Amino acid sequence: ISMNCFWRHYMRWIELGQEQQRAYVMRLLDALEVTDRDKRLKVARAILYLAQGVFDECDTDADVIHWSRHNVFLLYDMGIFTALLELLSMEMDNNQACSSAVRKPAISLADSTELRVLLTIMYLMVETIRLQTEDDRPEWRTAREAFKTELGSPLYNGEPFALLLFTMVTKFCSMNAPHFPMKKVLLLLWKTILFTMGGFEELQEMKVRGRERLSLPPLPEDSIKVVRSMRAASPPASAMELIEQQQQAKRGRRSRRPLVKQDSLDTYNERDPFKNDDARDEEEDGEEADSGIEGEVDPLDRDVIIQPPPPPPPLRPPTERASLPKGLPWAPKVREKDIEHFLETSRNKFIGFTLGNDTETLVGLPRPIHESVKTLKQVRRRDLSLIIPPLSSPPLLSIPPSLSLHQDRGEEDVDETPTEILYLGMLPNLSQYVIALLKLLLAAAPTSKAKTDSINILADVLPEEMPITVLQSMKLGIDVNRHKEIIVKAISALLLLLLKHLKLNHIYQFEIVSQHLVFANCIPLILKFFNQNILSYISAKNSICVLDFPHCVVHEMPELTAESLEAGDHNQFCWRNLFSCINLLRILNKLTKWKHSRTMMLVVFKSAPILKRALKVKQATMQLYVLKLLKIQTKYLGRQWRKSNMKTMSAIYQKVRHRLNDDWAYGNDIDARPWDFQAEECALRESIEKFNSRRYDKNQNGEFAPVDNCLQSVLGQRVELPEDFHYSYEMWLEREVFSQPIQWEGLLQ
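Every chain begins its residue count from 1, and numbering advances along the sequence as written. Since the coordinates come from a predicted model, pLDDT governs what is reported: local features require at least 70, and pairs of side-chain atoms require 80 or more to be given and counted, while whole-chain, interface and lining totals use all residues. The basis for every side-chain value is the complete set of heavy atoms in the structure, and neither hydrogens nor water enter the calculation.

A. Local environment of helix α23 (residues 522-530). Think of it in three bands: with a 1.4 Å probe and only protein chains considered, a residue is buried below 20% of the maximum accessible area for its type, exposed above 50%, and partly exposed in between. Think of it this way: any DSSP run of H or I at least four residues long counts as a helix, any run of E at least two long counts as a strand, and we number them from the N terminus. The buried fraction of α23 is high, at seven of nine residues. Along α23, the residues classified as buried are Cys522, Ile523, Leu525, Ile526, Leu527, Phe529 and Phe530.

B. The arrangement of empty space enclosed by the protein in detail. In this analysis the probe radius is 1.4 Å and the grid spacing 1 Å, with only protein atoms considered; a cavity is a set of points the probe fits into but cannot get out of, a pocket is an open set with protein on both sides within 12 Å along at least five of seven lines, and lining residues have an atom within 4 Å of a point. Grid points are joined across faces, edges and corners, and a volume is the space filled by probe spheres set on the points. In the structure shown here, the tally under the stated rule is four cavities of 30 Å³ or more. Leu32, Arg37, Arg40, Leu41, Ala44, Leu87, Glu91, Glu114 and Leu118 are the residues that line the largest cavity. Mapped onto the lining of the largest cavity, the elements with two or more residues apiece are α3 (37-51), α5 (80-92) and α7 (113-130). Put simply, Ala, Val, Leu, Ile, Met, Phe, Trp, Tyr, Cys and Pro go in the nonpolar bin, Asp, Glu, Lys and Arg in the charged bin, and everything else, Gly too, in the polar bin. Looking at the lining of the largest cavity residue by residue, the classes come out as five nonpolar, no polar and four charged. Considering only enclosed or pocket space, the second largest cavity measures out at about 50 Å³ in volume. Breaking the lining of the second largest cavity down by element, the ones donating at least two residues are α8 (138-152), α10 (182-197) and α19 (418-426). Among the elements that make up the lining of the second largest cavity, the one with the highest residue count is α10 (three residues).

C. Focus on unusual backbone geometry. Residue Pro550 is bonded to the preceding Phe549 through a cis peptide linkage, with omega at 5°. Of note in this structure, Val54 is not a glycine but carries a positive phi near 35°. Residue placement: Val54 occurs in the loop between α3 and α4 (61-77). Even without being glycine, Trp594 reaches a positive phi, approximately 65°. Assignment of secondary structure puts Trp594 in the loop between α27 (575-592) and α28 (596-604).

D. Examining the nonpolar core more closely. In terms of nonpolar packing, the biggest core is built from 164 residues, with Phe161, Ile193, Leu440, Phe530 and Met622 touching the most fellow members. Per-element accounting of this core gives the leading share, 15 residues, to helix α21 (residues 470-505). When checking whether two residues touch, look at their non-hydrogen atoms; a contact exists if any pair is within 4.5 Å. In contact with Leu440, other than residues within four places in its own chain, are Val169, Phe172, Cys173, Met182, Leu186, Ile455, Ile457, Ile487 and Ile491. To define a nonpolar core, start from buried Ala, Val, Leu, Ile, Met, Phe, Trp, Tyr and Cys residues and group those joined through side-chain atoms within 4.5 Å. Of all hydrophobic cores here, the second largest spans nine residues; its members include Ile339, Leu343, Leu365 and Leu376.

Next up, the structure:
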């Protein structure tokens, strides 16, 4: 019975019982195995319709979401995902389609129809099952855990599902399969890693559990809550803006509300952003209306305060003020290395010799030094990611490499976590994966110019027939921009998640991915991304609300006009682009933190003015990561820069965590630190390669196999001797030992 006959002559899907629905899905599953491609595609589209919530039978958006969730769990229970995975692998290995796409001058949506249908169903299944709701049935919770384990385990040809998607990315970027729908592949890859490894909340819980397991003191604060409670601040105005404001004031073209003096990027003295401008207290008006040019901003910029939409009125009355934390947001922190450096300097000064890494002995030091060390130890915090097991650390120079390898071999207990499994699978082709992701990020960046030799990321958005009317051209332009924004969002979130999970799993795993990113020019790429009008990017309106799913299939769609497309949506800001910007800033922080040579790259690439322009976006989280990047390079920018940017310096003091021994604001003794990028990166790479060799290289060359050099263990081994040994051993001793002269001097030399 064909699909059309089913819907025409039988009951509606939402009226069927559970057993009837299961029977129908089973018939669809059987039909997926036919050899005819057209029939398979028809069946796959029927499954997609079920995963999308049988929208033709629903009256509201909520009904579509409800039935989509119900059907997705039913499809997973019936084994649809495994069947789709086999079809996806078959489409990946379809050499005929790949060679046809390579020869085509222009690739369109028609070249990836089967792949897009399969990936869409799989994405809906992963994303729907990943999200938890309060009304989840017990069997759904069980299915979620089973699916999570299944995706993170090496069940698909001995590798996790994410590795299959990484392979699709590299095949696309190597131009071997230019018809792959990259947007859908990247979205599915991101959601798969998010599901199997966990998001930021899960990461925070893993850190807490890890510190408890190692008997470390608990974290002084929850970083997620601290960042969420931060307030957006007003950026300092540029000289050009100040001149324009003076001219506007002279011409009498001031806005309805007079220009106000910004309170030096003050985090906590800023007015409540949830209130309207007219609802301020008279006392605040009196303080803020203080005359003066310094710190004034463009009237257009005053409206650019990105904030979440206000909660419902019953939860937050208009007169209620936001509760703000007292003092600075972060507890100060000190590294063990900082305490060692402080004591080394103090001992050299007062005693004249040092004690190496000893941080306990304070003999001979004056009382103020004792107090300083006590204060430093009170705020000392050992990062969980930096605690490397002894067997994973680089072998000491005094121990023979063969012996250290022998000790490591088979003694290191490695937990088979989803992160560990994925890293092990990615390791052989890690650089290819990183370069492919950065190529896609570069192609999707708004500042990139279209080149004939660059990869075509628009294969799954361009129609077969190009638009012929103005309306069609405008719609396609919005689709292309939205397509690029989603690719940037998926790649930035994917890279950040990978870096954070690998750092928690093992610091060397994080370092090797970071180094591949740096070598692939990730730092200048992110700076290139921000070297644009970032306010325009944040407030871009590249979406058409009436075409959003499920609204477009449930309600009557109004006629699209050029005017409605040009007006865009009603949202003042594009949260997708803001999310991408924050992720890229966090990646840049991960790459440069505590790496002097990479910090100098920020200086050499003149990142300060680019980052300072990004402060115009009045969103607290984004400002925090911009200020962190400015803080680490402040000492290298010169006294004049610091003098001219005191408001930015004040913002760094108020928003960024304090390191007690860090003289970031002064720049003392910076000439004593040479910038040798190659030496630093080579030393790091050597440690990483030793780690990978000891932990993952199971097929080592026999010439370099571990040798037991311990006399006791060698003599203690039982050796099987031939039967005639006791007859001839005296002759053997005489010939091989006693009659051979020993050159003792030669042995000593």
